[in-house]
Every structure is written in structure tokens, then in C-alpha cells.
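# Close look at the chain arrangement
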Amino acid sequence: CVSITNVTVPDRSAGWVMLWHRPDDPTWEHRIEFRCEYTISPASATPPTITWFKGPFTEADRQVIYKWSSSGEVYVHPEYAGRVSVESRTRPTLVLTDEMSWGRYWCRVTNEEQPDEFGTDEESLLFYYHTGVYHPPRGYSTVEVDKTPVRVKTGGTARLLCDGLSGYMASTVWFKGPSCTQDGNCNVYEMVINKTAVAYSILGPGTVNVSPNYAGRASLDLYMGYYSLDLTITDIRPADVGRYWCTNDWPLYDRNDLRSRDSQSVVVLLDEEAPSRDGKADGMYQDPGDCSRYYTCSGG
């Protein structure tokens, strides 16, 4: 039985958020807002933990710049003391002042009643501080995943759809996670499939590597001789359920920086059969695979 957390960061359509340096304007404020919204279905009784990161996706060294724990405790990274805040837990917009370096900011929401793949989601925005000479980050990426949970029966096929700014030369990675280790590290991701970047001088679609757990079952679609971002997993097994992340970037030689890499996720669930009604009284019965769905038994 799972409760699904889903995070949405608005304003992603432009690829990044920009703050223009205009100190001569008396109305100008050195202040930026990164909006964040989320749903938890079904809602939990315990408040979620809100965490804002800066840095690359899945990297252990990315900074926790702000964390609002479910217990009410607030942590602020020393470099951001006095210039970062989150005004609401229900709409955890990050307010940041005096920031002049570019980078990617991630809003993560964790349902502490289910702090696993289903209960943890995040999205990001790339920030660029414009000083007057326009040099936007090169090599940035954006992805848009269809976040509708994918329900598939055991042995069936799951198709995970992802659109992104990458081009055929880019690298593409799908991860699964996050999971937790015995030492309490809950930022562990499994690489499902990876397509290498292709240089201008090389003809071909690139090399695809697949995790041993998905060998012979995971593939990227080919279109006009090149790989797309969409992932197909055949012969679905119970161990495959969880959250999958689509990640891409421009070729590494094109002044790419991992700080710019974007990612979004979608949940895969087993589409269990309706519970047996034999011997059950009339009433409502919970779906064994999804806490937000119920079956009604009436008259047998």
C-alpha cells in the first residue's frame, strides 16, 4: 500500500530563472523566489520534511541549503544564514537574497510516514544571475516527464515517457530511487539505463548500457536512427515498482556542467487484481497496492 508524493516546480518552461543586476533602479531588489508545490495522496497526518538543495542530481556532495523537518526543526546552511527562508510548509517557496552564482536548486518533499521512493519527490529550477553581459549557462538541460503513475501487471510492459532539451548528441540516464542504506543515507539511486553522449564528429546513436537487474528488459526507443528519452521496461517484476527519474544533458565537450542537469520522476505500480469478495461483508476495502483507491463490495 503506497502513498505517492508528487512535487511540482512552476516556471520551468524557460529553462532557467534569471535575476537581472540593476542596482541603479531604486525599485530593484536582490531577491529571487523559487516556487514549489506538492501533493501527497492520500494525505499523511505527519507534516512532510521540506528540503532545498543546490547542485547536481544524485550527487552526494550537493548542498542542503535549507531543511524544514517534520518535527519543526529548521536547518540553514552557514553560507545562506540570514538570506534564505521558506515561508510556508504547504507551499514551500524558497526566498533567496544576495545570490550571485548560477546553479540548480531542488525542492524535495518527503512524506515521513513513507520516506521511500513513493514518498519522496523533487523538481528543480536553474538560476542565472545576469550582470549585464549575457552569457547564459551552456549545456543546460530540461526534461518533462509524464508524471501520471504507470500501472502495469506482473509480466507486463511499462512505458515511461520523457521529453527533453538534449538533441541526439546528449547523454541520457534513467535512475530508480531513492532508497536508503543501513547507515541512514536516503539518497541512493540505481542506474537503470544509460546512453552515452555523441560528438559532432562521430556518426551513430551512441552506446547504451543497462543495469544487470534490467538486462534484456530495459530499452530506449529508436527514432530515425537515434535514441529518444522514452524508457520501455518489459517483463515487469515486483522488484521493479518504485520511482524512475529521467535525466539528460548536452554533450560533455560542449562546456557542460553537471550542475545544470535536470531530472523529473514517475512512479511505476503493480496493477493488482481487485481483492477477493468471497466471505466479505458489504463495505469498502482498500486497494492492496494503492492507499488512495478503494473497492466497494455490495450484494456479493
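Placed above this text is the structure.
Here the structure is a predicted model, which means the values were calculated and not measured.

The helix and strand tally for the chain stands at zero helices and 24 strands. For the chain, buried positions account for 47% of its 300 residues. Residue pairs in contact within the chain that sit at least 24 positions apart in sequence constitute 60% of those at least 6 positions apart. When the accessible surface of the chain is totalled, it reaches about 14,600 Å², and 52% of it is carbon and sulfur.

It is worth spelling out the layout of surface pockets at this point. Here the largest pocket is characterised by a volume of approximately 230 Å³. Along the walls of the largest pocket sit 14 residues, with Thr51, Lys67, Arg108, Thr110 and Cys186 positioned nearest its centre. If you list the elements that add at least two residues to the lining of the largest pocket, you get strand E5 (49-54), strand E6 (63-68) and strand E10 (103-110). The dominant element in the lining of the largest pocket, judged by the number of residues it contributes, is E5, at three residues. Across the lining of the largest pocket, the residue classes tally to six nonpolar, four polar and four charged.

The subject of this paragraph is the state of the cysteines. For the structure on display, the rule yields two disulfides. Sulfur-sulfur distance for the disulfide between Cys36 and Cys107 comes to 2.1 Å. Across the S-S bond of Cys36 and Cys107 the torsion is about -75°, and the bridge reads as left-handed. One end of the pair, Cys36, is in the loop between strand E3 (31-34) and strand E4 (37-41); the other, Cys107, is in strand E10, and 71 residues separate them in sequence.

Right, let's talk about the pattern of salt bridges for a bit. Scanning all chains against the criterion turns up 14 salt bridges. Two residues, Glu123 and Lys147, come together in a salt bridge whose shortest N-O distance is 3.0 Å. Placement of Glu123 in strand E11 (residues 120-130) and of Lys147 in the loop between strand E12 (142-145) and strand E13 (150-152) is noted, with a sequence separation of 24 residues between them. The exposure class assigned to Glu123 is buried, which follows from its relative accessible area of 3%. Owing to a relative accessible area of 18%, Lys147 belongs among the buried residues under this scheme. Overlapping salt bridges bring together Asp121, Glu123, Lys147 and Arg243 as one network.

Rules and cut-offs
Here the residue numbering is sequential within each chain, running from 1 through the sequence in written order. Totals for whole chains, interfaces and linings use every residue, but because this is a predicted model, local features are given only for residues with pLDDT of at least 70 and side-chain atom pairs only at 80 or more, for both listing and counting. Processing note: side-chain calculations cover all non-hydrogen atoms of the structure and skip hydrogens and water entirely. Each helix corresponds to a stretch of at least 4 residues labelled H or I by DSSP, and each strand to a stretch of at least 2 residues labelled E; elements are numbered beginning at the N terminus. Only protein chains enter the accessibility calculation, which uses a 1.4 Å probe. A residue is then buried if its area is under 20% of the maximum for its type, exposed if over 50%, and partly exposed in between. Whether two residues touch is decided by their heavy atoms; if any such pair falls within 4.5 Å, the residues are in contact. Using a 1.4 Å probe, accessible areas were evaluated by the Shrake-Rupley method; residue-level cover was limited to the displayed protein chains. Each cavity reported here is a set of points on a 1 Å grid over the protein atoms alone in which a 1.4 Å probe fits but cannot get out, each pocket an open set with protein on both sides within 12 Å along at least five of seven lines, and each lining residue one with an atom within 4 Å of a point. Grid points are joined across faces, edges and corners, and a volume is the space filled by probe spheres set on the points. Residues are grouped as follows: Ala, Val, Leu, Ile, Met, Phe, Trp, Tyr, Cys and Pro are nonpolar; Asp, Glu, Lys and Arg are charged; all remaining types, including Gly, are polar. The definition used for a disulfide is geometric: two cysteine sulfur atoms within 2.5 Å. Salt bridges are defined by distance alone: a side-chain nitrogen of Lys or Arg within 4 Å of a carboxyl oxygen of Asp or Glu.

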